[in-house]
Structures are given as structure tokens and as C-alpha cells.
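# Residue-level structure breakdown
Read off the chains here:
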Amino acid sequence: MRWKTCLKISLQSWTLWFSILVPLILLPLPLIHQNSVARCGYCVILMAVFWISEVIPLAVTSLFPVFLFPLFGILTTKEVCAVYIQNTLMLFLASLIIAVAVEKWNLHKRIALRTLTLVGPAPHWLLLGVMFPTWFLSMWMSNTASTAMMMPIVTAILKQIEACTVGGTEDNDINRIDKEEPTKSDAKKIKDGEMMEIEDNVGESSASLNNEKRRQFEKTAKTFALATAYSANIGGMATLTGTPTNIFFKGFADELFAREGGTNPINFGNWLAVGVPMSIIIFLFVWGWLLLYSRGLRCLMCWKKDKTSYERVRQMLQKEYNSLGPMSFAEIIVSINFAAIALLWITRKPGFIPGWGSFFHKGYVGDSCPAVLISVLLFILPAYPIPWQRCKGQADDNNIDQSKWKYEPILDWETVVRRLAWGVLLLMGGGFALALGCEKSGLSAWVSDHMEVMSDLPPWIIAMVLTIVVAMATEVTSNAATVSLFAPIVGDFALRLGINPLYFMLPVSVACSLAFLLPVATPPNAIVFSSGYLQVKDMVLAGILINIISVLTVTLGLNTWVTDLYDLSSMPAGFNSTMTTTTSRSIINLR
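Anyway, here's the lowdown on the structure attached to this text. These numbers were taken from a predicted model, which means no experiment stands behind them.

We now examine the overall build of the protein. In terms of regular secondary structure, the protein is built from 28 helices and zero strands. Taking all 591 residues of the protein together, the buried fraction comes to 50%. In the form shown here, the protein has an accessible surface area of approximately 28400 Å², with 64% of it arising from carbon and sulfur atoms.

Turning our attention to a nonpolar patch on the surface. Taken together, the side chains of Leu 16, Trp 17, Ile 20, Leu 21, Leu 24 and Ile 25 define a hydrophobic patch exposed on the protein surface, amounting to about 620 Å² of accessible area. Positionally, Leu 24 belongs in helix α2 (residues 14–26).

Applying the stated criterion across every chain yields a total of seven salt bridges. With a closest N to O distance of 3.2 Å, Asp 412 and Lys 104 form a salt bridge. Of this pair, Asp 412 sits in the loop between α20 (389–392) and α21 (413–419) while Lys 104 is found in helix α8 (residues 87–104), placing the two residues 308 residues apart along the sequence. Asp 412 gets classed as partly exposed once you look at its relative accessible area, which sits at 23%.

Our next topic: the environment of Ile 548. Structurally, Ile 548 can be placed in helix α28 (residues 536–566). The exposure class assigned to Ile 548 is partly exposed, which follows from its relative accessible area of 44%. In the structure, Ile 548 is positioned 80 residues away from Ile 468 in sequence and 8.7 Å away in space, judged by C-alpha atoms.

Attention now goes to the environment of Val 313. Assignment of secondary structure puts Val 313 in helix α17 (residues 311–323). Judged by relative accessible area, Val 313 falls into the buried class, the value being 0%. The sequence separation of Val 313 and Pro 121 amounts to 192 residues, and the corresponding C-alpha distance is 7.0 Å.

Calculation rules
Residues numbered from 1 in each chain as written. Predicted model: local features only at pLDDT ≥ 70, side-chain atom pairs only at ≥ 80, totals over all residues. Heavy atoms only, no water. Helix = DSSP H or I, 4+ residues; strand = E, 2+ residues; numbered from the N terminus. Buried < 20%, exposed > 50% of the residue type's maximum accessible area, 1.4 Å probe, protein only. Areas by Shrake-Rupley, 256 points an atom, 1.4 Å probe, with all protein chains shown as cover. Patch = residues over 30% accessible without salt bridge, like charges linked within 9 Å, V, L, I, M, F, W, Y side chains within 5 Å. Salt bridge = Lys/Arg side-chain N within 4 Å of Asp/Glu carboxyl O.

Have a look at this one:
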């Protein structure tokens with residue numbers, strides 16, 4: 001039995017063995033090919049394996065470049081560490097701090113419950129009521145936090161739906177079976193065996209109906225769980241700060257444009273014109289598809305006359321919302337700051353008119369500037385109204401005991417340290433370091449050379465193929481890790497073909513949010529899967545069509561309004577004209 005004990009210990013220690021064996025197995029690559037491309041390839045493959053397997057936390061893997069790149073002579077320690085904190089990372093940090101304030105004072109819960117109380121008790125509107133607040137909150141908060149907040153609400157809704165259907169407390173008048181007892185005169189004419197047969201048939205019909213109601217509830221539960229995860233994933237792509245992949249993309253694009261002598265045209269304001277329309281199209285499709293998935297062709301009757309009503313759910317939600325009471329002083333302050341940062345981001349450089357950023361030195365003010373300003377204000381502004389009545393010797397009109405009142409800001413550092421997703425910041429820093437290492441070592445150029453087999457294809461076909469590949473890859477890897485590996489490479493590939501790099505980088509980055517098939521694809525998927533309502537096959541069957549429509553939506557948007565918005569049909573002004581022989585041809589017209 002000793003071998004079983006040894007095997008058990010070995011399996012429990014797989015983190016140690018994995019971390020030793022994988023670097024050793026990959027070591028022949030830099031030893032056989034002693035050049036910077038092979039050395040950087042070793043580092044990239046090693047990080048990719050650790051990211052995919054998650055043998056250690058993703059954020060810890062993101063620190064690999066700090067010691068790997070200097071040891072292999074790819075980048076100096078100073079160069080590696082410098083990219084871990086930059087403008088785009090500071091923008092994301094500030095947005096996370098603002099999101100912490102929203103979570104601390106339960107403003108997100110108030111928004112979600114208020115939306116749900118405004119929709120009707122009909123199933124299709126109730127599903128929309130679950131999806132919309134999740135989608136909207138994910139634009140500004142972490143997708144994970146939005147899903148984690150919504151799932152308890154969804155679970156409470158499903159319990160009420162179960163009571164209304166399977167429990168038979170609300171729909172008795174609709175679903176009851178007419179079981180009239182035979183009269184005494186009739187009973188005399190019926191043999192005992194025939195009466196027992198009638199009772200058995202009634203029992204079987206009742207059991208069959210209960211089973212059908214149970215199956216219908218299970219479909220409904222699966223639909224609501226899937227809708228929550230999918231809405232969070234879709235909402236994140238709508239804004240620049242909605243998901244780390246968008247921030248990654250902007251950071252890579254900033255570096256690439258700076259290297260080539262141009263200026264990245266993407267900012268928070270004009271990204272809304274890209275992300276919001278795509279997000280809305282996919283959102284509406286998901287809503288319709290999940291209705292069809294759960295209710296079949298019956299959902300087509302929703303627009304005519306649907307007798308199904310979950311009135312108990314509406315009452316429960318209204319009661320839950322009423323329990324929050326009126327908006328507190330802190331919620332009002334957070335709401336004002338929340339609206340202010342959105343307004344400042346949108347109006348800094350709207351494009352069609354001069355924004356407030358034009359009043360300052362050109363190039364000095366970015367999106368991270370107002371974000372950090374608002375986040376700092378949250379550490380200053382009070383969470384409770386100051387009782388000025390004490391200065392005048394008057395009685396306090398509010399419920400705060402003046403004798404116990406003390407100044408408390410909206411946010412304190414302990415709360416931020418406890419709730420902030422520090423690991424995501426390290427993950428982003430590791431991604432930027434990885435991209436810089438690939439560019440400096442020549443690995444991106446080497447991969448681009450081998451991708452030129454597609455150079456004879458139309459650019460829109462290449463972009464769609466890349467989008468499909470990344471959408472498939474992100475199902476089994478971290479979204480941030482996927483964009484870190486692909487975005488720099490496709491940007492370099494676009495330059496070699498003489499194409500605006502954003503034409504490939506943008507759809508590839510958006511595709512990292514199209515993770516609808518597997519629980520491991522994104523944290524929202526994992527959260528709803530852990531609820532117990534879903535199996536893997538449920539997510540795959542429901543998500544495959546959504547993935548296809550999403551890829552088509554991204555391709556359509558890229559070749560219509562996005563091309564016009566960023567002028568993707570030509571190379572950006574200021575880019576160097578030094579192209580390889582393959583790319584010395586004229587710029588391809590993408591229209």
C-alpha cells in the first residue's frame with residue numbers, strides 16, 4: 001500500500017512537479033536555437049502553459065518576465081519593471097477604485113433591483129430585467145463583481161418561480177386538472193376495477209404534469225443563469241474600462257503607435273461608438289435566443305398574449321427593493337461621482353466637437369487623469385452629512401446621533417486593499433511586459449513571417465479568421481492572457497501587410513470577450529456554473545450560436561462604422577514607411 005500513499009502525495013504535490021518539469025522540458029528550445037527569438041519563445045510558451053493550467057495564480061505567473069527576460073538577455077530589469085505601471089494601467093486602477101465605492105455602498109444592488117421592479121412579471125420581461133442591469137453594471141465594474149452581485153438575486157427569483165410553477169401556488173387556476181367525482185347512481189354502474197383504473201389514470205396525469213412543470217422550471221433556471229453570465233461578458237466590451245482586455249488592447253496600441261511615430265486615436269469617448277453598438281446587437285440576440293432556448297416556439301406568443309405570469313416574483317422584488325429604503329447620502333455622492341467620471345471621459349475628446357481636454361496642453365491630459373481625480377475625491381468626500389446644526393445649537397433633523405457622529409469618507413484605504421482586484425493589475429503588467437519582450441526579441445516579427453501565408457486573402461477575411469481563432473482560444477485560456485499573446489503579433493502582422501494595425505488588433509481584442517461555451521472561459525461563467533443549475537453541455541449548446549453571431553457582428557462592425565470612425569482604410573499619419581519587400585505594396589483599400 002506504500003505505492004498508493006506515494007502516488008497520493010505526488011498528486012497532491014503536482015504544483016511542485018509541474019513547476020519543475022515544464023521549464024526543463026522546454027529548455028532544449030533556447031539551447032538548440034541560441035538566439036533572442038528562441039529565448040523569448042521559451043519565456044512566452046512557459047508563461048502560456050502556466051496561464052492555461054493555472055497551476056499557480058495568474059497574477060503570480062505575470063511576474064515571470066521580471067526575472068526571465070533579464071536572465072535570458074531579452075530586456076533589462078529597468079525596462080521590464082517600467083511597463084508594469086503605465087497610463088492605461090493607471091486608468092484601470094482608478095476605475096476599479098470607483099467600482100469599489102459603488103460596491104461598498106450597494107449602489108449596484110439598488111440599480112439592479114430597481115430595474116427588476118420596473119419590468120413586468122411576464123417571463124420574457126423578467127429575463128430582460130435580469131440581463132439589463134448585469135449588462136449595464138459590467139460596463140463600469142468588474143464582470144466578476146457584477147455577476148457575483150446578481151446571482152443571489154437570480155437565485156431568489158428562481159425560488160419564487162419554482163414556488164409559482166412546481167409548487168403550484170400561483171398557477172393552480174391555469175394548470176389544474178378537472179377531477180369531478182362520479183355521482184352515486186353512476187358509481188353503482190361502474191365496477192370496482194373500472195373505478196380504480198380511473199383513479200390510476202388521474203394519478204398518472206398529475207405525475208406527468210408535475211414532471212413537465214419540473215422540466216420547464218429547470219430550463220428556466222438554466223436560462224436565467226446563462227443570461228447573467230452572458231450579459232456580464234457582453235457588457236464588458238461596451239466601454240474601454242469594462243474589461244481588462246480592452247485596456248490591454250489600448251496599451252498595446254499606444255506602444256505600437258508611439259514606436260511607429262503615430263498617435264493612437266482610441267480613447268474612452270470614441271470607443272463607445274465601437275463597443276456599445278456591437279454590445280447592443282449581441283445583447284438583443286442573446287435575449288431572443290435564450291427565450292427560444294428555454295420556452296421554444298411559445299416565446300413567439302410573448303408579443304401577442306402570454307398568460308404566464310410570475311406575480312409572486314414581482315412582489316418579492318418590490319419588497320426587497322423597499323427594504324433598501326431611500327437613497328443614503330453616501331449613495332447620492334457615489335452616484336454623482338459615477339456620473340461625473342462618465343461625463344468627463346466622454347467629453348474629454350469627443351471628436352466631432354472640441355472637448356475639455358483641448359483647454360490644456362496638447363497630449364498632456366488623458367483618460368486616466370479625470371479617473372484618478374474622481375477616485376481621490378472618494379477618499380475625501382464624506383459618507384454622512386455633516387451636522388452643521390451642532391454649530392448653531394439646533395436639533396438634528398436626520399437620524400444621525402450627533403453625539404456619535406464622526407467624519408467618515410466614502411472610501412478608506414483598508415476597504416480598497418481588501419476589495420480591489422490587485423491580481424488583475426499584475427496580470428496586465430505581465431501582459432505588457434510580454435508584448436514588449438516579443439517585440440524587442442523579434443518573436444512577433446518571426447510569427448508574423450509565418451502568418452504571411454494568408455497575405456493573399458482579402459483583409460476582411462484575414463480579420464475574421466483571426467477573430468474566430470482568438471474566440472476559440474479564449475474559451476480555454478484567460479481573456480487577458482489571450483489578448484497578451486495575440487494582439488502584439490497581429491499588430492505586427494498588419495504592418496507587414498501594409499494595413500492599419502487597428503484593423504486586426506481591434507477585432508482580436510473584442511473576440512477575447514466572446515467566451516460563451518465553457519465554465520473555465522471567464523469568471524462569470526464559472527460563477528453561474530457553480531450555482532448548480534447548469535451542466536457543461538448546457539453552456540455549449542446555448543453558447544455556440546451566440547459565438548457565431550458575435551463573430552459575424554464584430555466582422556460587420558469592423559467593416560462598416562468602425563472603419564469610418566478610425567479611418568482603418570489607410571495607414572495612420574506619422575507611421576514610418578519602412579516596410580519589408582512583402583509590405584512595400586500600396587495600402588490595401590479595406591472598403
